[in-house]
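# Structural description and commentary
Spelled out, the chains give:
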Amino acid sequence: MTFPIALGLKTFVGSADFDISKEFYLALGFQINWEKENLIEFEISGSKFLLQDYYDKNWCENMMMHLTVDDVASCYSHVCNIITNTNYGLAKCQAPQKENYGACVAYFWDPSGVLWHLAEFD
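Per chain, residue numbering runs from 1 following the sequence as it is written. At least 70 in pLDDT is required for a residue's local features to be given in this predicted model, at least 80 for side-chain atom pairs to be given and counted, and no such filter applies to totals for whole chains, interfaces and linings, which use all residues. To get the side-chain values, take all heavy atoms of the structure and skip hydrogens and water.

## Side note on the pairing of strand β5 (residues 64-68)
We call a residue buried when its accessible area falls under 20% of the maximum for its residue type, exposed when it is over 50%, and partly exposed in between, using a 1.4 Å probe and counting protein chains only. Strands are runs of DSSP state E lasting at least two residues, helices are runs of H or I lasting at least four, and both sets are numbered from the N terminus onward. In β5, alternate side chains face the same way, and those of M65 and L67 are buried while those of M64, H66 and T68 on the opposite face are not. Paired strands, as defined in this entry, are two strands with at least two bridges between them according to DSSP. Summarising the sheet, β5 and strand β8 (residues 115-121) pair through five bridges and their orientation is parallel. Following the sheet pairing, M64 is matched in β8 by L115.

Here it is as C-alpha cells:
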C-alpha cells in the first residue's frame, strides 16, 4: 500500500503573545489566509504555517523554520529593518553566512524565540 496523496504540509508555530506575533508576521509581509479565535494560517509566496495561541518556552526556543528565498541579502535587510525599528520581544536577526550544505542563510528569531532560516541556494 502506498501513502495517500498529500495535499499540503504545514507546521504549527507557538506564540507567547498571539497579537504581537500576528503583528510581527504581518509586518514581515506574510498574509492571513484565514483566522479563527486562536489560530491563523499565514502564507508568503505559497509557503504556509499555522500560528497558534499556545506557548511552551522550551518548544518555541528549540523550533526552527526553513524558508527558501531568492535573495537572502534583501530578505535579511527587510527583516532586520522591521526588528530594529519595532519592539517585538525576543525578535532579533543575524547576518547571512554560507552553510556547509551549500546555502547562504540569514537567521531571525520571532517574538517567541522561534528560529527562522532564510536560505538562498546558488
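## Things to note about the sheet that holds β5
Taken in spatial order, the four strands of this open sheet run β5-β8-β7-β6, and their pairing is mixed. Looking along the sheet, the strands with just one partner apiece sit at the ends: β5 and β6 (92-98). With direction set aside, neighbouring strand axes in the sheet form an average angle of 20°. Across seven bridges, the pairing between strand β7 (residues 103-109) and β8 is antiparallel. Note that in β8 the partner of V105 across the bridge is A119. By definition in these notes, contact holds between two residues if any of their heavy atoms fall within 4.5 Å. In this analysis an axis means a line fitted to C-alpha atoms, helices contributing only their contacting stretch, and an angle means the value between N-to-C directions, from 0 to 180 degrees. Sheet strands in contact with helix α3 (residues 72-85) are β6, β7 and β8, and its direction is about 165° off that of β6.

## Points about α3
Working rule for helices: expected span equals 1.5 Å times residues minus one. In a regular helix each residue adds 1.5 Å, so 14 residues correspond to 20 Å; α3 covers 20 Å between its end C-alpha atoms and thus fits that length. Looking only at α3, the buried set comprises V72, V79, C80, I82 and I83. The arc enclosing the buried residues of α3, seen along the axis, measures out at 160°, which places them on a common side. Exposed residues pointing more than 90 degrees away from the buried face of α3 are listed as T84 and N85. At its buried positions, α3 is contacted by α1 (18-28), β6, β7 and β8. Note: the arc covers the axis-to-C-beta directions of the helix.

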